[in-house]
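# Close look at the chain arrangement
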Amino acid sequence: MLHSELPEDLETAAELLKQGKLVAVPTETVYGLAADACNKSAVNNIFAAKGRPSDHPLIVHLHASSALHDWAQDIPAEAFALADAFWPGPLTLLLKKADHVDSVVTGGLDTIGLRVPAHPVLLKLLASHQLAVAAPSANPYKQLSPTSAQQVMETMAGKLDAVLDGGDCEFGLESTIVSLVDGTIQVLRAGPISSDQLEKVLGQKVQSPLQHQVKVSGNVAAHYQPKTSLRCVSATQLDELLTGTKLKLAVLSFSNLSFNAQPYWHTTMPTNAQDYGRVLYKQLYQADQSGAELILLELPPAGYEWAAVQNRLQRAAYQED
Ligand code: TXA
Ligand code: MG
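Residues numbered from 1 in each chain as written. Chains lettered and ligands numbered in written order. Predicted model: local features only at pLDDT ≥ 70, side-chain atom pairs only at ≥ 80, totals over all residues.

## Focus on the environment of Ser253
Residue position: Ser253 is located in strand β13 (residues 249–253). When the C-alpha positions of Ser253 and Leu299 are compared, they lie 7.9 Å apart, and in sequence the two are 46 residues distant. Aside from chain neighbours lying at most four places away, what touches Ser253 is Leu238, His266, Thr268, Met269 and Glu298. (Helix = DSSP H or I, 4+ residues; strand = E, 2+ residues; numbered from the N terminus. Contact = placed C-beta atoms within 7 Å.)

Quick look at the structure:
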């Protein structure tokens, strides 16, 4: 474990990356499993470490929007407008890739995902070493994304060369992904930046994230999954299940319920969407570790500010028939 407040540890992290090693790094969204984006074999190792199919593209993290031209071409004006408004920050732009970018980074696609992360430690590391890192979330494929260095250590032990501890992630949910290729603007993954915020900057409607054909691993029906089964239920269903089952239950309630039967493990979730997003993966991870046999989550409300949370919950609870 490397500590971001120690200058020598930050140097070590940069050196490891330059040597083609894998380093988990903090971002403002979730921890990323980073490799030098210019080093093909290092990037290849990311797929092996995560157990992720090699045709699932990675996001490249840049130190500033001035580096956009090194990675993308035919960049529309709207991309610069969004970069100016939201970078550094939790927004990924999909653009046409520059010709020299190796297709190992883009999963064979001719588009590339780019973002400037807002975590000061990562930003400093990238800027002071002129590095760009390819980094998916630092979790085994399909499992919960980590929001703390500890969680990375526990779930990815032995699969990476170092973890740079930068504290708990500010947002706790992955970046919003916006595609700006082929003249259309589409949100491919809901995230901390809402469609509403994007539309205000662009002065036009953006297409919603619900239906699209692009290969995005966050778009696989079963994703962000705890190991223990998760069911998302209403308050009434929660009450019925609590009294009606003999299973050890972990409960993430939304309202302050008074239980007829005491759950095996319980937490009350925040009622504000942003606070909820920040702790969701962490609490699901705790519930998973608790030894419960089933996780019950009382659904938060619908509404646009809950879009990113609702999207993750749907995938986290998805069961193949
Ligand atoms: O907040 C985040 O975005 C975090 C942090 C570490 O930056 N990263 C992250 O990466 O969530 P990952 O790989 O777990 O999810 C990135 C998503 C994937 O679903 C991937 O398929 C999609 O972005 N993606 C990346 N490049 C793409 C492309 N060219 N076309 C379509 N989807 C792309
Ligand atoms: Mg991921």
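## A closer look at the environment of Gly32
Structurally, the position occupied by Gly32 is in strand β3 (residues 32–36). Look at Gly32 and you get buried, because 29 C-beta atoms sit within 10 Å. Every residue in contact with Gly32, bar those within four places of it in the chain, is listed here: Ala24, Val25, Thr27, Ala135, Pro136, Ser137 and Ala138. (Buried ≥ 20, exposed ≤ 12 C-beta atoms within 10 Å, placed from the backbone.)

## Observations concerning the pairing of β3
Taken across its 5 residues, β3 has 5 buried, putting it largely inside the fold. Judged from the 3 bridges that link them, strand β2 (residues 23–25) and β3 form a sheet pairing that is antiparallel. Its bridge partner lying in β3, Val23 is registered against Ala34. Here β3 runs beside strand β8 (residues 133–134); their pairing, made up of 2 bridges, is antiparallel. The residue bridging Ala35 from the neighbouring strand is Ala134, located in β8. (Pairing = 2+ DSSP bridges.)

## A word on the UniProt feature "binding site: ATP" (unreviewed entry) in the protein
Under the present numbering, the feature "binding site: ATP" (unreviewed entry) in UniProt falls on Arg52, Thr111, Ser137, Ser145, Arg189 and Tyr224. The largest pairwise C-alpha distance within this set of annotated residues, which runs over 173 residues, is 24.0 Å, so the set is dispersed in three dimensions. Here Ser137 shows up in the loop between β8 and α6 (149–156). The buried category is assigned to Ser137, around which 27 C-beta atoms lie within 10 Å. (UniProt positions renumbered as here; feature names shortened; annotations may be inferred.)

## A short note on the domain arrangement of the protein
Parsing the protein into structural domains produces domain 1 (2–219) and domain 2 (230–316). Measuring from the centre of the C-alpha atoms in domain 1 to the corresponding centre in domain 2 gives 28 Å. Taken residue by residue, the interface counts 14 residues in domain 1 and 14 residues in domain 2. Partitioned by chemical class, the residues of the side of domain 1 that touches domain 2 number 6 nonpolar, 7 polar and 1 charged. (Domains from an automatic or database assignment. Nonpolar A, V, L, I, M, F, W, Y, C, P; charged D, E, K, R; others polar.)

## Observations regarding the site of ligand 1
By nearness alone, 26 residues border ligand 1, and Thr29, Gly32, Pro57, Gly113 and Pro136 come closest of all. Every element with two or more residues in the shell around ligand 1 is listed here: β6 (91–97) and β7 (111–115). Here the element with the most residues in the shell around ligand 1 is β7; it accounts for 3 residues. For the shell around ligand 1, a count of residues per class yields 13 nonpolar, 12 polar and 1 charged. (Near = placed C-beta within 6 Å.)

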